[in-house]
Every structure is written in structure tokens, then in C-alpha cells.
Amino acid sequence: MKILVKAPNWLGDAVMSLPALQALREMQPDARLGVLTRRALADLYRAAIADEILPYDGALSAVKIAREGRWDAALILPRSFASALMIFGARIPRRIGYRGEGRSFMLTDAIPRARSLLRTHRVHYYHHLLKALGEPPAPKPPRLRLPPEAVAWALDRMGDAEWIGINPGATYGKAKQWYPERFIETARRLKRRAVVVGGPAEADLGARVAGEIEGALNLAGRTDLLQLAAVIARCRLFITNDTGPMHVADAVGTPIVAVFGPTDPVTTPPFGERHTLVRRDLECSPCLKRECPLGHHECMKRIGVDDVVRACERWLT
Ligand code: SF4
């Protein structure tokens, strides 16, 4: 049996898909598991669990690569039309995915997406699809096995000091972003060495934030994915917006203080236990928008430095 998993496209979703892969491995210990993924996320799956990683750069290459593998079944984790089309185009005989988005005709197992399922953690949402293949074991928190080169890279830059990680960016949209000056003030008040991280698009923001914190190390835009994970793994605490790196922290076991504004505290918080969410329960939240539709961003404005420092101190004492 050869089973291909079509991976989600965002870093956070990719981390939240790891428990489903782990459970699939336990259900089908003799099957060959492959993951069809955007190239940018290939290393993440390499550090998790799969026999074969199939990175692609565009939809057409994804179809070609998936077709060549002669897979028996595919599990389509994203709910998009495009992901179902890739697997359909690859002529994989059994195609399992959620119905909806006008794509049911491309699936052999079109799984109903109950409203209650949309209100569960994303880990459970992905995991539920496995039921098409049998009774899966309960999902375990995501885990990454860091390669020694990434661990050595982080050690080389950070040594054995005690660090707090600061992740002030949010790739998905401005509304998810707490204010850089509040991250700076939080780091100053915690009086620990700070390492600032982020993706390539956040290099300028990272430099600005790190430049305002005495002794801070700026690695924003200067790591690959597994180096980022290794840096976060060396931190005693990770202070972050609701982003992909937050889920990476979850997967390497670093405690997290996450500032949540317009995003959903039920479906996308870290899956593990070691985290504190700081948020305000407003009538308009969670709106899940990239920009505040009301123009005031109160969900973030009302979260003060005191709130975040208090949450951090609980993990640091
Ligand atoms: S509508 Fe509400 S939840 Fe959404 S961004 Fe604005 S203040 Fe935040």
C-alpha cells in the first residue's frame, strides 16, 4: 500500500498536520507514506515522519510528480479545489478529502465536513480524515526531530545562555500582529537575552525590533526552517503572534506566550499544553480577517505589555 498525503500550504497548518501523519504511520505500519508539499515546507516533513517527500514548485509539477509515484491512495488535507485537482490529475485511484469547494466529483471518498468539525482544533480536523482508512489512534502533539546540523548552527550562534524568543511578525496579515514597540517593551522588562526571529519578509521588522533591545540577537530572515526550529528549541520561552513559528515552538517543546487578536483560540492555538494565550474576548472576535474590517484593531490594542509580561513571568519563574 502506498499512501500519499497532500500537505497544507502554510507553515502553521503543516505543523498541525503532523499528528495525522504520525497516526497514519501507526495505523499502516507497513505502508509507504509520501508527502506532496510545497518546496518551502519539505524540510519540515523530512524532520517529521514520512518515507518519501515530494516537493513541488507549482500545480503542474505537483500533478506530474504525484502521478509518477503510482500511489494507491491519497489523503488531501487542504480543503481547496486546487489540491483535489492535483490528486485527481495524478490519477491516484483512491482520493480521500473533505467534500465542498465544488470538488466532491474529484474524490472517491468525499467526507462530510460537519459544522462541529470546523469548531475543533485543526489537528482534529486533519486527523478525522484518517477514519476513511480505519480507526486511527488519538492524535499526539506534533514533534519535530531536529537534524544535528541545525542544532549545531543554533548552538554556534546562541551558546548556552538563557534566551527568550521574540517573533513580532505575522505573514498572514497585519491584523494578527501585536505592536513591535510592545514586543520591545516586553523584552526589556523581562531582562533576558532576546533572539528575534521571523521569515525573509520580516527581516526589516526583525532588525528594527532587535535594534531596540539591548544585547538582542537578530536572526529574522536569516534562518532556514529547521535552523529556525533549532533556535526556538534553545529558548526558554517563545513570545509570538499567532503564526507558523508559534506552531514550530509547539513542535519542539518550547513554552509559548501567544498574542491572539482576530484569530480563533479554539481551532488554531498550539496543540500541546505548554502555552498561554493572551487575548481579549470582544464581540467582533475572532473575525479571522487579514485587516481589521472595523478599522480600530481593538483586539490587539487592548492587550497591554503588562498582560504579556505577566503571562511570561508565569513560565519564567
Ligand atoms: S474586527 Fe475585531 S477581531 Fe477583527 S481585527 Fe478588528 S478588532 Fe480584531
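This is a predicted model, so every value here is computed, not measured.

*Asks:* Where do I start with the domain arrangement of the chain in this structure?
*Replies:* Where the parts come together, the accessible area they lose is often given as the size of the interface. Assigned domains within the chain: domain 1 (2-133) and domain 2 (148-316). The straight-line distance from the C-alpha centre of domain 1 to that of domain 2 is 28 Å. In this complex, domain 1 contributes 17 residues to the contact, which on the side of domain 2 involves 17 residues. Summed over both partners, the interface of domain 1 with domain 2 comes to about 1,400 Å²; 75% of that surface belongs to carbon and sulfur atoms.

*Asks:* Hey, could you run me through the sheet that holds strand 9 (residues 217-218) in this one?
*Replies:* Strand pairing in a sheet relies on backbone hydrogen bonds, with the paired strands running either antiparallel or parallel. Read across the sheet, 6 strands follow the order 9-8-7-10-11-12 without closing on themselves; strand pairing throughout is parallel. Two strands lie at the open edges of the sheet, namely strand 9 and strand 12 (275-278), each paired on one side alone. Alignment of strand 8 (residues 193-196) against strand 9, held across 2 bridges, turns out to be parallel. Looking at strand 9, one finds that Val195 is bridged to Leu217. Across the sheet, helix 11 (residues 244-252) touches strand 7 (163-167), strand 10 (235-241) and strand 11 (256-259), and the angle it forms with strand 10 is around 150°.

*Asks:* Would you take a moment to explain the layout of surface pockets for this structure?
*Replies:* In this structure, the largest pocket spans a volume of roughly 1,400 Å³. Taken together, 49 residues form the lining of the largest pocket, with Trp10, Leu11, Gly12, Asp13 and Tyr172 sitting closest to its centre. Elements that contribute at least two residues to the lining of the largest pocket include exactly helix 1 (11-27), helix 5 (115-118), helix 6 (122-128), helix 10 (225-233) and helix 11. The leading source of residues in the lining of the largest pocket is helix 1, at 4 residues. Grouping the constituent residues of the lining of the largest pocket by class yields 20 nonpolar, 17 polar and 12 charged. Taken domain by domain, the lining of the largest pocket gets at least three of its residues from each of domain 1 (2-133) and domain 2 (148-316). In this model, the second largest pocket occupies a volume close to 170 Å³. Looking at the second largest pocket, the residues that line it are Leu18, Pro19, Gln22, Ala47, Ala48, Ile49, Lys140, Pro141, Pro142, Arg143, Leu144 and Arg145.

About the thresholds
- By convention here, each chain's residues receive numbers from 1 onward along its written sequence.
- It should be noted that, the model being predicted, local features are given only for residues of pLDDT at least 70 and side-chain atom pairs only at 80 or more, the latter also being counted only at that level, while totals for whole chains, interfaces and linings use all residues.
- With hydrogens and water excluded, all non-hydrogen atoms of the structure serve as input to the side-chain values.
- The start and end points of each domain follow an automatic or database-based domain assignment.
- Any two residues whose heavy atoms approach within 4.5 Å are treated as being in contact.
- Defined here as a combined quantity, buried area equals the accessible surface (1.4 Å probe) lost by two parts on assembly, summed across both.
- Strands qualify as paired when DSSP identifies two bridges or more between them.
- Helical segments are the DSSP runs of H or I of at least four residues, strand segments are the runs of E of at least two, and each set is numbered from the N terminus.
- Helix axes are fitted to C-alpha atoms over the stretch in contact, other axes to C-alpha atoms as well, and angles between N-to-C directions run from 0 to 180 degrees.
- A cavity, in this analysis, means grid points on a 1 Å lattice covering only the protein atoms where a 1.4 Å probe fits yet has no way out; a pocket is instead an open set bounded by protein on both sides within 12 Å along at least five of seven lines, and a residue lines either one if it has an atom within 4 Å of a point.
- Grid points are joined across faces, edges and corners, and a volume is the space filled by probe spheres set on the points.
- The classification used treats Ala, Val, Leu, Ile, Met, Phe, Trp, Tyr, Cys and Pro as nonpolar, Asp, Glu, Lys and Arg as charged, and all other residues, Gly among them, as polar.

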